[in-house]
Amino acid sequence: MAGPNGHTATTPRWVKVFVVVIVVFVLAFVVVRLTGLGGDHGPRRHASSGATAPGVPYDAR
Amino acid sequence: MTPRLRKFAFTVHVASSVGWLGAATAYLALVVAALTSENAQLVRAAYLAMEPIAWLAIVPLAFASLVTGLVQGLWTQWGLFRHYWVVFKLLLSVLATAVLLLNTQTVSSLAASAADTDQLDTAGLHGQLLHSGGGVLVLLVTTTLAIYKPRGTTPYGRRKQRPAPARPAGSRSPQE
């Protein structure tokens, strides 16, 4: 119910939807990291193997 | 904060936030061009252009948006934790800035690979598509929140809005 200044005392529905969406994204991120589905990821990918290791020849493109 | 200073801070906040979204969109366009083009020169040019866009446009605009947003929250009636839309906008901005800072190291590596060698690291482009696409999406959400300002005050905000009790002992408030 809206209060005298137009604000509700309960949590609005859009906030609940937002929280659910954020939780889903965080869970998906954790699952991807734990299962390795996302492959080698992040800036360290370049530090260990060198910048050109996963590349393709320039002329082949 | 004086009204003139408040308006100036608000202008800087809007300009930096919208600029951040625009620069991130330009970066996304370069990633898409590099992923889809068959022209090697265009791909190399896109790699080289991504680094200055990231370091000279996106990162400064992100920090400007974050700092001016904090100023807006702390020195206006909106507060930082009184309204749900402000809380979400702050969280998303901090998250986007953190991911951005982690990703800029990869951007520099990609640019170095394009500048120093005759091979291009195309594997990193899919990660760039994910990061920049996700970033643009998050910034569109924060922009929408800032414009629509959906209703909803946090429990903290409700406590701050409640007037201090100043009634005689033994009397009942209208809500009781």
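Source: prediction; values computed, not measured. Within any chain, residue numbers begin from 1 and follow the written order of that chain's sequence. Throughout, the order in which chains and ligands are written sets their labels, letters from A for the former and numbers from 1 for the latter. Only residues with pLDDT of at least 70 are given local features in this predicted model, and only at 80 or more are side-chain atom pairs given and counted; all residues enter the totals for whole chains, interfaces and linings. Derived side-chain values reflect all non-hydrogen atoms in the structure, with water molecules and hydrogen atoms excluded from consideration.

A. Spotlight on the overall build of chain A. Looking only at helices and strands, chain A has 2 helices and 1 strand in total. The N-to-C order of helical and strand elements in chain A reads α-α-β. For each residue, the accessible area found with a 1.4 Å probe, counting protein chains only, is set against the maximum for its type, and the residue is called buried under 20%, exposed over 50%, and partly exposed in between. For chain A, buried positions account for 13% of its 61 residues. Method for areas: the Shrake-Rupley scheme with a 1.4 Å probe, in which residue coverage is limited to the protein chains shown. Carbon together with sulfur atoms contributes 69% to the accessible area of chain A, which is approximately 4,500 Å² in total. Starting at the N terminus, helices and strands are each numbered in turn, a helix being any DSSP run of H or I of at least four residues and a strand any DSSP run of E of at least two.

B. Summary view of the side chain of Asn103 of chain B. Residue and element names in this part refer to chain B. Along the chain, Asn103 falls in helix H3 (residues 84-116). Asn103 gets classed as buried once you look at its relative accessible area, which sits at 9%. Contacts are assigned to residue pairs with any non-hydrogen atoms lying within 4.5 Å of each other. Non-local contacts of Asn103, meaning those with residues more than four positions away in its chain, are made with Tyr27, Gln128 and His131.

C. A look at the packing of aromatic side chains. Whether two aromatic rings pair depends on their centres lying within 6.5 Å, for rings of Phe, Tyr and Trp, where Trp uses its six-membered ring; planes under 30 degrees apart make the pair stacked, over 60 edge-to-face, and the rest tilted. Going through the model one piece at a time under the given rule, you end up with 4 aromatic pairs over all chains. Plain terms: the ring middles of Trp78 of chain B and Trp85 of chain B are 5.3 Å apart, the flat faces sit at 75° to each other, and that makes the pair edge-to-face. Grouping aromatic residues by their ring pairs yields a cluster made of Trp14 and Phe18 of chain A together with Phe88 of chain B.

D. Main features of the environment of Asp116 of chain B. Residues and elements named next belong to chain B. Relative to the elements of secondary structure, Asp116 occurs in helix H3. Given the relative accessible area of 64%, Asp116 is considered exposed. Residues Asp116 and Leu95, 21 residues apart in the sequence, show an inter-C-alpha distance of 32 Å.

E. Broad picture of the packing of H3 of chain B against helix H4 (residues 123-148) of chain B. Residue and element names in this part refer to chain B. Axes here mean lines fitted to C-alpha atoms, for a helix over just the part in contact, with angles spanning 0 to 180 degrees between N-to-C directions. Between H3 and H4, the least distance of the axes is 10 Å, while the angle of their chain directions is 155°. One element, H3, and the other, H4, form an angle in the roughly antiparallel class. With respect to the hand of their crossing, H3 and H4 are arranged in left-handed fashion. Judged by residue contacts, Trp85, Phe88, Lys89, Leu92, Ser93, Ala96, Val99, Asn103, Thr106, Val107 and Leu110 of H3 engage Gly124, Gln128, His131, Val138, Val141, Thr142, Leu145 and Ala146 from H4. Class assignment for the residues of the contact of H3 with H4 results in 11 nonpolar, 7 polar and 1 charged. If an angle is under 35 degrees, it is roughly parallel; if it is over 145, roughly antiparallel; if it lies from 65 to 115, roughly perpendicular; otherwise it is oblique. Crossing chirality is assigned from the near helix's rotation relative to the far helix, an anticlockwise turn below a right angle marking it left-handed and a clockwise turn marking it right-handed. For this classification, the nonpolar set comprises Ala, Val, Leu, Ile, Met, Phe, Trp, Tyr, Cys and Pro, the charged set comprises Asp, Glu, Lys and Arg, and every other residue, Gly included, is treated as polar.

F. How the structure looks around the nonpolar core. Residues and elements named next belong to chain B. Within the largest apolar cluster, 25 residues are counted, with the highest numbers of intra-cluster contacts made by Trp20, Tyr27, Ala34, Tyr47, Met50, Ile58 and Leu125. For this core, the secondary-structure elements that each account for two or more residues are helix H1 (3-36), helix H2 (40-75), H3 and H4. Leave out the neighbours within four places in its chain, and Tyr47 touches Ala34, Leu110, Ala111, Ser113, Ala114, Leu120, Asp121, Thr122 and Leu125. Among the buried residues, those of types Ala, Val, Leu, Ile, Met, Phe, Trp, Tyr and Cys that are joined through side-chain atoms within 4.5 Å form a nonpolar core.

G. Representation of H4 of chain B within the structure. Taking 1.5 Å as the rise per residue, H4 of chain B with 26 residues should run 38 Å; its terminal C-alpha atoms sit 39 Å apart, in good agreement. Taken from the residues just after H4 of chain B, Lys149 of chain B is the one with a positive phi, measuring 45°. Helix span, expected: 1.5 Å multiplied by one less than the number of residues in the helix.

H. How the structure looks around the environment of Ser113 of chain B. Residue and element names in this part refer to chain B. Assignment of secondary structure puts Ser113 in helix H3. Once the C-alpha coordinates of Ser113 and Leu129 are considered, the two residues, 16 residues apart in sequence, prove to be 18 Å apart. Polar contact is the term for a pair of N or O atoms within 3.5 Å; when the atoms are in protein, one must be able to donate a hydrogen and the other to accept it, and sequence-neighboring residues count only if both atoms are side-chain atoms. Polar contacts involving the side chain of Ser113 include one to the main-chain carbonyl oxygen of Leu110, which spans 2.7 Å.

I. Structural detail: the packing of H2 of chain B against H3 of chain B. Residue and element names in this part refer to chain B. Closest axis-to-axis distance for the H2/H3 pair is 9 Å, and the angle between their directions is 160°. Taken together, the axes of H2 and H3 are roughly antiparallel relative to one another. As for how H2 packs across H3, the hand of that crossing is left-handed. Across the contact of H2 with H3, the residue classes tally to 20 nonpolar, 5 polar and 2 charged.

J. Spatial organisation of a nonpolar patch on the surface. Residues and elements named next belong to chain B. On the surface, Met1, Leu5, Phe8, Val12, Leu70, Leu74 and Trp75 cluster together to form a nonpolar patch covering roughly 690 Å² of accessible area. Locating Leu74 in the fold gives a position in helix H2. You can call Leu74 exposed: its relative accessible area is 54%. The patch calculation keeps residues exceeding 30% relative accessible area without a salt bridge and links them within 9 Å when they carry like charges or within 5 Å when they are nonpolar (Val, Leu, Ile, Met, Phe, Trp, Tyr). Salt-bridge detection follows one rule: a side-chain nitrogen of Lys or Arg within 4 Å of a carboxyl oxygen of Asp or Glu.

K. Focus on the confidence of the model for chain B. Residue and element names in this part refer to chain B. Put simply, chain B has an average pLDDT of 88, and 91% of its residues get 70 or more. Confidence of the predictor at the level of single residues is given by pLDDT, which spans 0 to 100. Mean pLDDT per element in chain B: strand S1 (residues 119-120) is the minimum at 71, and H1 is the maximum at 95. Our summary of model confidence lists the complex with pTM equal to 0.79 and ipTM equal to 0.72.

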